[in-house]
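Coordinates in review
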Amino acid sequence: MFSKHASKIIFCLFDPQTGHELFRASLPSRKGDIHYGYITGIKSGHHYGLRALGQWSPEDGHYFDQSKLLLDPHATAISRSFNYHPTLSHHAEESGGLVPRAVASKQMTNVPLRKVADPKLIYELNVRGFSKLNPAIPVDQRGTISALVTPASIAHFKKLGVDTIELLPIAAWIDERHLVKLGLHNAWGYNPVSFFAIEPKLAPGGLQELRDTVEKLHAENLNVILDVVFNHTGESDAFGPVLTFRGLDNASYYRLFNGTYVNDAGCGNTLALDRPFTVELVIAALRHWVLACGIDGFRFDLATIMGRSETGYSKTAPLLEAINDDDVLSSRILIAEPWDLGPGGYQLGHFPDNWFEWNDKYRDDVRRFWRGDAWSANALATRISGSSDVFGSRKPSRSINFISAHDGFTLHDLLNITAKNNHANGENNRDGKNDEVICTQSNALAMFATLLFSRGTPMICAGDEFGRTQNGNNNAYAQDNETTWLNWQDRDIQLENNFASLVATRRAISEFLPDEFLQGHKLTGNDLPDAAWFGADGTALDWSNAHNHVVLLVLNKGGKRLCLAINGSQAEIEFMVAARAKHVWRELNAASILNAIHRVSPQSATIFVEHAIS
């Protein structure tokens, strides 16, 4: 066990049936900062915890307290979920009866390392909320990981045409202490205590349940990626609970300034991820999820912190380089949320070249266009073309394009409310973004079409495809209830069907959406430019016009042409782009009426294909 500042580490064994402590044993040896020892008779299924002796001086960053039972950071299973109690934060008050114990477990055999292709359409879901209210799933499976491979869930994934399932955090977490007083519970899981153990509420069958689920999803040609949180832990600020890292060696694991916590994560503490032992811990945790359970990749919450040192962010920071140098992890899907709350925390476009990144510029610029903002067409053109201003030295696919995600308004609420309604969170509506871009004059299909006809990697949040609502709550982390549980019985089936059709259309026009940026000029062996932009009247788009609300993009691939007609105005327009001689434009999948006047509905995005005629 690593601890630079502890004088002694004590191993405590418990009877798994009665919970009684059976014995304590000090780890007798030390080499550098590693305390170690060998204890006979420990078997798989036994429960244990740790205690650490040392100095209690919070002003110096030390919180050693022998009365606190601590979770082994490397434990792969825990006896039950964590529940906050004030005693966990009180010095010299025994916590042994309040915290779950680590469960001694045999190391699982490694699953074969699966070759993973880049994601084509990511479906972000909250494991508990996804199935909790689905009547088509057996009651005892609702809200669990195994529910993801019931026939109803698989059928839904297949219908939508997604190829990658992204799970919100599943590692064991604890409720924030203020939620307990409000009678609320963390619904998202972004408050971890363990990096290795699965949250028991989500997987009664433990890691084996996850492993079996992933294997079945793989059989359906679906990737599985985990949202992971390494930027902070549920031990929170100086008044938070002592659960693991704080009690084992607070000053080593956390980034401190003059004895107080640096709070780049905005959650009370920040892990120091540039130090060798924390790098080793995170690498071991990531490899654990891949090798033991078959996970295909990770989305890293507040990933800027992973590249931070005392001097700021660098994409060559120790942890980021260790991930890219690892023989297992370097071949997985790696997605950064490229910001944190610290100085210089916004790092969109500055992660290693092989990483994907959440593109909030895409989210906001697309919303602004459909809201009707001045100059928004210029930004929209950049976003649907792959955001070359951000990823120009890489590939468009590195941009994770999204309109909405777990954090923020649902798509339905984005289009139907005018202000956030977070009163149920108990913070007098102060929490959550106040300046989120909303666009009540648009519609979901226009948003979906823009997303799916853009270059880059699209992501949607589960339930948006059928109109889920959180009644205006844009920070529903504290709502483990019907607010975040998907309402399957009242879903908008027509919207769901239309979304699935748009996904099929994206596949059908995939040759016009290669993983490369537009050039805007004639390509070798071609008489036409790869892309040309037009206004509503069919003439070249006037980029100096602040009020362009109609954008027509004509793409040329191998002599074939396709036009994406985006009508952000409130009026119907005629499709005016001239066809080549002996060719005619026809709306994709429309009947072949060659001389018809094509019209584009207000607030819509429509595909036209140029056809040769005799």
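The following refers to the structure shown. A quick note: this is a predicted structure, and the numbers were derived from the prediction, not measured.

Before going further, it helps to examine the overall build of the protein chain. A tally of helices and strands in the protein chain yields 13 helices and 27 strands. With respect to the three principal axes, the spread of C-alpha positions in the protein chain is 90 × 50 × 50 Å. Within the protein chain, the fraction of its 614 residues that count as buried is 59%. Of the contacts made within the protein chain by residues no fewer than 6 positions apart, 70% connect residues no fewer than 24 positions apart. Taken as two groups, the 57 positive and 68 negative side-chain charges of the protein chain have centres that lie 3 Å from each other.

Once that is clear, we can look at the sheet that holds strand β14 (residues 297-300). Spatially, the eight strands close up into a barrel ordered β9-β10-β11-β14-β17-β18-β19-β20, and their pairing is parallel. With direction set aside, neighbouring strand axes in the sheet form an average angle of 30°. Two strands pair when backbone bridges link them, and β14 and strand β17 (residues 333-336) are joined in this way by four bridges, in the parallel orientation. Paired with R299 across the two strands is I335, which belongs to β17. On top of the sheet, helix α6 (residues 276-293) reaches β11 (223-228) and β14; it is set at about 140° to β14, its chief contact.

So, on to helix α12 (residues 444-452). Where burial is concerned, most of α12 is hidden: eight out of the nine residues are buried. Inspection of α12 places A444, A446, M447, F448, A449, T450, L451 and L452 among the buried residues, and these make up the whole buried set. Between a side-chain oxygen at the N-terminus of α12 and the backbone nitrogen of L445 the separation is 3.1 Å; the capping residue is N443.

Strand order in the open sheet formed by four strands is β2-β1-β5-β8, and the pairing between neighbours is antiparallel. This sheet does not close on itself; its edge strands, each paired only once, are β2 (21-26) and β8 (102-103). Both strand β1 (residues 8-14) and strand β5 (residues 47-53) contribute to a ladder of seven bridges, which runs antiparallel. Across the sheet, the residue bridging to I10 is R51, located in β5.

It is worth spelling out the packing of aromatic side chains at this point. Where two aromatic rings form a pair, the distance of their centres and the angle of their planes describe that pair. Applying the stated criterion to the full structure yields 28 aromatic pairs. Aromatic side chains F195 and F230 sit 4.9 Å apart centroid to centroid with 75° between the ring planes, which places their arrangement in the edge-to-face category. Note that F195 is positioned in the loop between α3 (177-182) and α4 (206-219) and F230 in the loop between β11 and α5 (245-253), a separation of 35 residues in sequence. F230 sits in the buried class, given a relative accessible area of 2%. Ring geometry for W358 and F402: centres 4.9 Å apart, planes at 45°, overall tilted. Of this pair, W358 sits in strand β18 (residues 356-358) while F402 sits in the loop between β19 (399-401) and α11 (411-416), and the two are 44 residues apart along the sequence. Here W358 falls in the buried class, since its relative accessible area comes to 3%. On the basis of relative accessibility, which here comes to 1%, the residue F402 falls in the buried class.

Reading the values: rules and limits
Residues numbered from 1 in each chain as written. Predicted model: local features only at pLDDT ≥ 70, side-chain atom pairs only at ≥ 80, totals over all residues. Heavy atoms only, no water. Helix = DSSP H or I, 4+ residues; strand = E, 2+ residues; numbered from the N terminus. Buried < 20%, exposed > 50% of the residue type's maximum accessible area, 1.4 Å probe, protein only. Contact = heavy atoms within 4.5 Å. Lys, Arg positive; Asp, Glu negative; His and termini not counted. Charge placed at Lys NZ, Arg CZ, Asp CG, Glu CD. Pairing = 2+ DSSP bridges. Axes fitted to C-alpha atoms, helices over the stretch in contact; angles between N-to-C directions. Polar contact = N/O pair within 3.5 Å; in protein donor to acceptor, adjacent residues only side chain to side chain. Phe/Tyr/Trp six-rings, centres within 6.5 Å; stacked < 30°, edge-to-face > 60°.

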